[in-house]
Amino acid sequence: MRLADLARAVGGRLDGDPDVEVVRVSAPDDAGPGAVVVVSDARMLARLEAVAAAVILAPDGPPTRLPAIRIANLRLALALALRALGPPAPPPSGIHATCVLGARVRVGTDVSLGPYVVVGDGVEIGDRAAVGAHTVLEDGVRIAADAVLHPRVTVRHGCVAGARVVLQSGTVIGSDGFGYAQDAGRRHVLIPQVGVVVLEDDVEIGANAAVDRATLGVTRIGRGTKLDNYVHIGHNVQIGEDVAMAAGCRIAGSARIGNRVLMGGMTGVADHVTVGDDAVVLGGSEVTRDIPPGAVVAGRPARPRMEERRRDAAARRVPGLLREVADLRRRVARLERTP
Amino acid sequence: MRLADLARAVGGRLDGDPDVEVVRVSAPDDAGPGAVVVVSDARMLARLEAVAAAVILAPDGPPTRLPAIRIANLRLALALALRALGPPAPPPSGIHATCVLGARVRVGTDVSLGPYVVVGDGVEIGDRAAVGAHTVLEDGVRIAADAVLHPRVTVRHGCVAGARVVLQSGTVIGSDGFGYAQDAGRRHVLIPQVGVVVLEDDVEIGANAAVDRATLGVTRIGRGTKLDNYVHIGHNVQIGEDVAMAAGCRIAGSARIGNRVLMGGMTGVADHVTVGDDAVVLGGSEVTRDIPPGAVVAGRPARPRMEERRRDAAARRVPGLLREVADLRRRVARLERTP
Amino acid sequence: MRLADLARAVGGRLDGDPDVEVVRVSAPDDAGPGAVVVVSDARMLARLEAVAAAVILAPDGPPTRLPAIRIANLRLALALALRALGPPAPPPSGIHATCVLGARVRVGTDVSLGPYVVVGDGVEIGDRAAVGAHTVLEDGVRIAADAVLHPRVTVRHGCVAGARVVLQSGTVIGSDGFGYAQDAGRRHVLIPQVGVVVLEDDVEIGANAAVDRATLGVTRIGRGTKLDNYVHIGHNVQIGEDVAMAAGCRIAGSARIGNRVLMGGMTGVADHVTVGDDAVVLGGSEVTRDIPPGAVVAGRPARPRMEERRRDAAARRVPGLLREVADLRRRVARLERTP
C-alpha cells in the first residue's frame, strides 16, 4: 500500500514521500523493509530510521528523515493502520460437513460454520457470520450479520447476538444465573432461569467469559460494549453502551452499569448496585454502593478516588501518629504533675 | 393451570378466584394475560392490576383486587411457581449418532447424550441423565441418575457426580491440581495428581468453573452445595453440604469448608484453612486463617464483620486525627513554655 | 517395586528392609498393603505402622519400625515417588477417525489425536504429543514433542507450544487481547491483534486459563513456568522462567514478570509493570508499581510485606488512638484553663 493511501485510511497528515510502499505494521523491535511503526517514544526513532519504511507519530513529535504520518490519536492510528494493512482473511464460507443442524435453521449468505458446530432448532444466523469449530448454538438462538464466534463458544437457548458481535473461545452466553431460594430446612432451591441474554450490535467479549440469562426477562449488554476475558455478568444485569471492562470483572445480579463506564480489571460490582454513566472504576475495586455519573472511584469498598488517596496517605502516617501521641501523653502527664 | 393448583404447588394461601387461569410467571415489566407476578415492591401493584392475571405477595402485603397467593417466603414461591408453570422440556432421550463411546460403557434408561459427546472406557451414566453436546467424560467417570451436564463440560478420568448434579458449560471437573515440588535448582517438579473428585447428590456448578482432583484421595463437594460461575476449587478441598459460593470464589488446596457456609463473590480462601459450619464470608474477602462456626467475616484479611466495620470507621477519622494531634502538639508546647 | 528401588528413584536413604514390595503412594487415611506414605506429621506414624508397607520421612523424623526412606525434601519425594509408582498410561497413539485435519499438517511419530480434534492448515505436532478430544489447533500452530493438551483446549492461529508443555481443559492460547482505541465519539475501536503466543519448553497451564496473543510481536511465557487454573495473561506480557502463579492471577497487558517469581492466588498485576526476578507476591495482592528483584510484597496496592504488616498493625490501634486523643484533648484543655 502507498503511504499516501495509508495516511488517508488512518486520517493523518502525510509528511514525506507519498509513494513509499508499506506492507505491514510492526513493533519497533521487529521493523524491517516495508514496515510502518507507530512511534510513541521518540527515543526509538534513531534506530527505526535505519530499518523501517515509515513511521506514524504525533503532530508535535520530533522531526524524522523517514516518511511519516502525523496524527494526534496514535492508538486510533494503530487500530486503523492494522485494519488497512492486515485485514485477517475471513474463514471460507460454507457449512462444514460435520455440522449438526436442527430443524427450521435459517442461515444467511456467505456464512461460515466450522467443523463440529452444533446448531439447535429454530436458530437464525445472519449474512457473513462466522462460527468457529465446536461452537454450540442451542435452540432458538439468533446471531446477526457479520458476527464472529470463535471456536468453542456456547450460546444457550433463546439468546441473541447483534450485528458484528465477537465472542472468543470458551465464552458462555446464557448460562443459568445463580438464583436460589432457601427452604425451611436451609436447603438451596433452584429458581429456574427462564429469561435470555441480548447482546446488542458491536458487543465484543473475550475468552472464557460468562453472561448469565435473566431469571425473567433479559440480561442486556448495550451496543458497542467490550468485555475482556473472564468477565462474569450475573443474571438480570443491564449494561449500557460503549462500556469497557478489563479482565476478571464480576458484575453481580441485577446491577446496572451506565453508558461509557470504564472498569479496570478484577473489579467487583455488588448485586442491585447502579454505576452511573461515564463513571470510571479503577482496577481491583469492589463497588458496594451506587456510583454517581462521572465519578472516579477506587478501593474496597469503592470510594471517590481522591478520598481513597487521602485515606491511603493518612494510613501511612498512623505509625508516626502513634509515636507522637505517646510523646504527648508523657508531656501532658508531666505538665499535670507540675505544681 | 388454575390459580388454586398453583397456590397448592407453592404452598401459599389463596386469596381470590381459584379458577383464574395462569400460564406463566413474568417480570413486572412484562406482565400480560395469563401472567402471575411475584410482588416484592407494593408500588408496582397498581400497574399490575391492569395487566396481570394474578399476583403472589406477602401475607402482610397490601390488599389487591387481583386474585393472589399469599406466602411469606416470596423467593421460594418464585422458585416453585416457575417449576410448576415452566418446567423446561427435557432433551429427547437417546444417544446421538455422533457420540464416541468407549468400551464397557453402561448407560441407564432414558439417557440423553447430545452430538459429539465423547465417553471413555468404563463410564457409567445413570437413568434420565442428560449430557449436552461436546461434553467429554473420560475413562471411569460415573454420572448418577437425573444429572444434567450442559454442552462443553469436561469430567476427567475417575471422577464421580451424584444424582441430580448440574454442571454448566465450560466447567472442568477433575483437572490436575497445582502441586509442585521445588528441586535443588529451584525448578518446579510436578507432583502427579492421582486422586479424584466426588460431587455428592444435588451439587450444582455454574459455567466455566474448575474443581481440581486430589493429589491422593478425594476432593469432595457435599450434598446440595451450589457453586456459581468461575468458582475454583483446589486439590484436596473438602466442602460440606448446602454451601453456596457466588461467582469467582477461589478455594485453595486442602481448605475445609463446613456445612451451610455462604460466601459472597470473589472471595479467596487460603490453603489448609478451615471455615466453620454456618459461617458467612462477605464478598471480596480473603480468608487467611480459620473461621469459627457461625462467624460473619469480611475484609482482606477477613475479620469479624463488626471489627472490620470499626476499623473502617476508625480509618475514616485518621485525617481528622492528624489535624487534631498537630493542634495538641502546638498547645502542649505552648503550655510547656508557660512559666 | 522394591523399596530399595524406590529409594533410589526419589534420591533418599533407605532405612530398613530393601526388599519390601511397594505398589502405590497413598494418603495416610487410605494406607493398606503395599502402600507407601509420605509422613509430614509424626503423630500419624503410630497408626500407619499397623497398615502401611513403608513410609517416607525426614532424616530427623522419629524412629519407626516400618521400613523407611529418609529424605529432606518430602514434597519432592512425593513427586518422585508418584512418578516412579504411578506413571499414568499414555493415551494410545494414533489419529482418531473423527479428527478434521487441514492441509500441510505435519504429525510426528507416536502422536495421539483424540476424537473430534480439529487441526488447521500448516499445523506441526511433535513426536509423542497427545491432544485430547475436542481440542482445536488453528492454522499455523506448532506443538513440540511430548506436549500434552487435555480435552477441550483452543490454540489459536500461529501460536507455539514447546516440548513437554501441558495445557488443561478449557484453556485458550492466543485469544485476541483487549486492545481498543477510542475514537472522537468515545466509541471503542478494536486494535487488531496480529502477534502470537510462545509457550517455551516445560510450561504447564491449568484449566480454563487464557493467554492473549500480542498486538504485534510475541506474548511469551518462559521455560518451566507453571500457571494454575484461571490465570489470565494479557497481550504483550513477558514472563520469565520457572515462575509459578496460583489460581486466578491476572497479568495485564505489557507487564514483565522476572524469573522464578512466585505469586499467590488472585493477584493482579497492572499493565506495563515490571516484577523483578525472584520476587514473591502474596495472594490477593494488587501490584500497581514495579517490584524490585527479590522483594516480598503484599496488599492492595502491593507494598513490602513488612511495611504492609506495620500498616496493618497500626490500623488496628486507631480506635484506641481516637480514644486517647480525646482524653488528651480534655486534659490539655484543663491545663489551659489552669491559671
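Residues numbered from 1 in each chain as written. Chains lettered and ligands numbered in written order. Predicted model: local features only at pLDDT ≥ 70, side-chain atom pairs only at ≥ 80, totals over all residues. Heavy atoms only, no water.

A short note on the interface of chain B and chain C
Link 1 in the chain: Taken together, the 60 residues of chain B in the interface contact 59 residues of chain C.
Link 2 in the chain: For the pair chain B and chain C, the summed buried area comes to about 4,900 Å², and 62% of that belongs to carbon and sulfur atoms.
Link 3 in the chain: The largest per-residue losses of area from chain B upon contact with chain C belong to B:Phe178, B:His188 and B:Leu216, which jointly make up 13% of the total buried on that side.
Link 4 in the chain: Put simply, chain B and chain C have six salt bridges between them.
Link 5 in the chain: Along the contact surface separating chain B from chain C lie 26 residue pairs in polar contact (both at pLDDT 80 or more).
Link 6 in the chain: When residues of the side of chain B that touches chain C are traced back to their parent elements, those giving at least two are β19 (172-175), β20 (180-182), β21 (188-190), β24 (210-212), α4 (305-316) and α5 (318-337) of chain B.
Link 7 in the chain: Per-element tally for the side of chain B that touches chain C: the top contributor is α5(B), with nine residues.
Link 8 in the chain: Partitioning the side of chain B that touches chain C into residue classes produces 28 nonpolar, 15 polar and 17 charged. (Contact = heavy atoms within 4.5 Å. Buried area = accessible area lost by both parts, 1.4 Å probe. Salt bridge = Lys/Arg side-chain N within 4 Å of Asp/Glu carboxyl O. Polar contact = N/O pair within 3.5 Å; in protein donor to acceptor, adjacent residues only side chain to side chain. Helix = DSSP H or I, 4+ residues; strand = E, 2+ residues; numbered from the N terminus. Nonpolar A, V, L, I, M, F, W, Y, C, P; charged D, E, K, R; others polar.)

Section: the interface of chain A and chain B
Link 1 in the chain: In this complex, chain A contributes 60 residues to the contact, which on the side of chain B involves 59 residues.
Link 2 in the chain: In total, chain A and chain B occlude about 4,900 Å² of area from one another, counting both sides; carbon and sulfur atoms represent 62% of this.
Link 3 in the chain: Of all residues in chain A, A:Phe178, A:His188 and A:Leu216 give up the largest surface area on contact with chain B, accounting jointly for 13% of the area buried on that side.
Link 4 in the chain: The closest approach of N and O atoms between A:Arg303 and B:Asp312, which form a salt bridge, is 2.8 Å.
Link 5 in the chain: Counting every contact that joins chain A to chain B gives 28 residue pairs in polar contact (both at pLDDT 80 or more).
Link 6 in the chain: Counting residues per element, the ones that place at least two in the side of chain A that touches chain B are β19 (172-175), β20 (180-182), β21 (188-190), β24 (210-212), α4 (305-316) and α5 (318-337) of chain A.
Link 7 in the chain: Counting residues per element, the side of chain A that touches chain B draws most heavily on α5(A), at nine residues.

Things to note about the domain arrangement of chain A
Link 1 in the chain: Partitioning chain A into structural domains gives domain 1 (3-85), domain 2 (94-306) and domain 3 (309-337).
Link 2 in the chain: Placing the centre of domain 2 of chain A and that of domain 3 of chain A at their C-alpha centroids yields a distance of 51 Å. (Domains from an automatic or database assignment.)

Focus on the nonpolar core
For soluble globular proteins, the rule of thumb is that nonpolar side chains tend to be buried together.
Link 1 in the chain: Counting 168 residues, the largest nonpolar core has A:Met245, A:Val275, B:Met245, B:Val275, C:Met245 and C:Val275 as the members making the most contacts within it.
Link 2 in the chain: In this view, A:Val275 contacts A:Arg256, A:Ile257, A:Gly258, A:Val261, A:Met263, A:Val269, A:Val281, A:Val287 and A:Ile291; residues no more than four positions away in its chain are not counted. (Core = buried A, V, L, I, M, F, W, Y, C linked by side-chain atoms within 4.5 Å. Buried < 20%, exposed > 50% of the residue type's maximum accessible area, 1.4 Å probe, protein only.)

Some details on the packing of helix α1 (residues 3-10) of chain B against helix α3 (residues 74-85) of chain B
Residue and element names in this part refer to chain B.
Link 1 in the chain: Between α1 and α3, whose axes approach to 9 Å, the crossing angle comes to 130 degrees. As far as their axial angle goes, α3 and α1 are oblique. Relative to α3, α1 is oriented so that their crossing is right-handed. Residues Leu6, Ala9 and Val10 of α1 touch α3, and the partners they reach there are Ala77, Leu80, Ala81, Ala84 and Leu85.
Link 2 in the chain: The class makeup of the residues in the contact of α1 with α3 is eight nonpolar, no polar and no charged. (Axes fitted to C-alpha atoms, helices over the stretch in contact; angles between N-to-C directions. Parallel < 35°, antiparallel > 145°, perpendicular 65-115°, else oblique. Left-handed = near helix turned anticlockwise from the far one by under 90°.)

Details of the sheet that holds strand β15 (residues 148-149) of chain A
Residues and elements named next belong to chain A.
Link 1 in the chain: Pairing is mixed in the open sheet, where 12 strands are placed in the order β6-β9-β12-β15-β18-β23-β26-β29-β32-β35-β37-β38. Two strands lie at the open edges of the sheet, namely β6 (94-95) and β38 (303-304), each paired on one side alone.
Link 2 in the chain: Summarising the sheet, β6 and strand β9 (residues 112-113) pair through two bridges and their orientation is parallel. Bridge assignment links Ile95 to a residue of β9, and that residue is Leu113. (Pairing = 2+ DSSP bridges.)

Things to note about a nonpolar patch on the surface
Link 1 in the chain: Together, A:Ile95, A:Leu101 and A:Val107 line one region of the surface with nonpolar side chains, adding up to about 220 Å² of accessible area.
Link 2 in the chain: Inspection of the secondary structure puts A:Ile95 in strand β6. (Patch = residues over 30% accessible without salt bridge, like charges linked within 9 Å, V, L, I, M, F, W, Y side chains within 5 Å. Areas by Shrake-Rupley, 256 points an atom, 1.4 Å probe, with all protein chains shown as cover.)

Section: the pairing of strand β3 (residues 35-38) of chain A
Residues and elements named next belong to chain A.
Link 1 in the chain: Side chains of β3 alternate between two faces, with Ala35 and Val37 and Val36 and Val38 buried alike.
Link 2 in the chain: Across two bridges, the pairing between strand β2 (residues 24-25) and β3 is parallel. Its bridge partner lying in β3, Val25 is registered against Val36.
Link 3 in the chain: Bridge count for β3 against strand β4 (residues 54-57) is three bridges, and the pairing is parallel. If you follow Val38 over to β4, its bridge partner there is Ile56.
Link 4 in the chain: Between the parallel pair β3 and β4, the chain is carried across by helix α2 (residues 45-51), and the sense of this crossover is right-handed. (Right-handed = clockwise from strand over helix to strand, strands pointing away.)

Thoughts on the relation of the copies chain A and chain B
Link 1 in the chain: Superposing chain A onto chain B takes a rotation of 120 degrees plus a shift of 0.0 Å along the axis, which leaves an RMSD of 0.0 Å. Considering both components of the superposition, the chain copies are consistent with a three-fold axis. (Least-squares fit on C-alpha atoms with pLDDT ≥ 70 in both.)

Some details on empty space enclosed by the protein
Link 1 in the chain: Considering all chains together, one arrives at one cavity of 30 Å³ or more under this definition.
Link 2 in the chain: Volume-wise, the largest cavity comes out at about 350 Å³.
Link 3 in the chain: Each residue belonging to the lining of the largest cavity can be placed in one class, and the counts come to 12 nonpolar, six polar and six charged. (1 Å grid on protein atoms, 1.4 Å probe; cavity = no way out; pocket = protein on both sides within 12 Å on 5 of 7 lines; lining within 4 Å. Points joined across faces, edges and corners; volume = space filled by probe spheres on them.)

Describing the sheet that holds strand β27 (residues 232-233) of chain B
Residues and elements named next belong to chain B.
Link 1 in the chain: Ordered in space as β7-β10-β13-β16-β19-β24-β27-β30-β33-β36, the 10 strands form an open sheet in which the pairing is parallel. Taken across any chain shown, the strands that pair with only one partner, and hence form the sheet edges, are β7 (100-101) and β36 (286-287).
Link 2 in the chain: Pairing of strand β10 (residues 118-119) with strand β13 (residues 136-137), which is carried by two bridges, proceeds in the parallel orientation. Bridge pairing links Val118 to Val136 in β13.

A few points about the pattern of salt bridges
Link 1 in the chain: This structure, assessed with the given rule, holds 93 salt bridges over all chains.
Link 2 in the chain: Salt-bridge contacts for B:Arg70 lead to B:Asp15; the nearest nitrogen and oxygen are separated by 3.2 Å. Note that B:Arg70 is positioned in strand β5 (residues 68-70) and B:Asp15 in strand β1 (residues 13-15), a separation of 55 residues in sequence.
Link 3 in the chain: Take B:Asp15: its relative accessible area is 31%, and that puts it in the partly exposed class.
Link 4 in the chain: Taking the shortest distance from any N to any O, the salt bridge between C:Asp242 and B:Arg187 comes out at 3.8 Å. Of this pair, C:Asp242 sits in the loop between β28 (238-239) and β29 (244-245) while B:Arg187 sits in the loop between β20 and β21, each in a different chain.
Link 5 in the chain: Judged by relative accessible area, B:Arg187 falls into the partly exposed class, the value being 40%.
Link 6 in the chain: Within the structure, one salt-bridge network assembled from shared partners comprises A:Arg303, A:Glu307, A:Glu308, A:Arg311, B:Asp312 and B:Arg316.

Notes on the pairing of strand β4 (residues 54-57) of chain B
Two faces, one strand: in a regular strand the side chains alternate between the faces of the sheet.
Residue and element names in this part refer to chain B.
Link 1 in the chain: Burial along β4 is two-sided: Ala54 and Ile56 and Val55 and Leu57, pointing in opposite directions, are all buried.
Link 2 in the chain: Across three bridges, the pairing between β4 and β5 is parallel. Counterpart to Val55 in the pairing with β5 is Ala68.

A few points about the packing of aromatic side chains
In this description, a pair of aromatic rings is defined by centroid distance and the angle of the planes.
Link 1 in the chain: Under the counting rule described, the total for this entry stands at nine aromatic pairs over all chains.
Link 2 in the chain: Residues A:Tyr230 and B:Tyr230 carry aromatic rings whose centres are separated by 6.1 Å and whose planes lie at 65 degrees to one another, so their mutual orientation is edge-to-face. Taken together, the residues span two chains, with A:Tyr230 in the loop between β26 (226-227) and β27 (232-233) and B:Tyr230 in the loop between β26 (226-227) and β27.
Link 3 in the chain: Judged by relative accessible area, which is 7%, B:Tyr230 ranks as buried.
Link 4 in the chain: Ring centres 5.1 Å apart and planes at 75 degrees place the aromatic pair B:Phe178 and B:Tyr180 in the edge-to-face group.
Link 5 in the chain: Three or more aromatic residues link up through ring pairs in this structure, and these residues are A:Tyr116, B:Tyr116 and C:Tyr116. (Phe/Tyr/Trp six-rings, centres within 6.5 Å; stacked < 30°, edge-to-face > 60°.)

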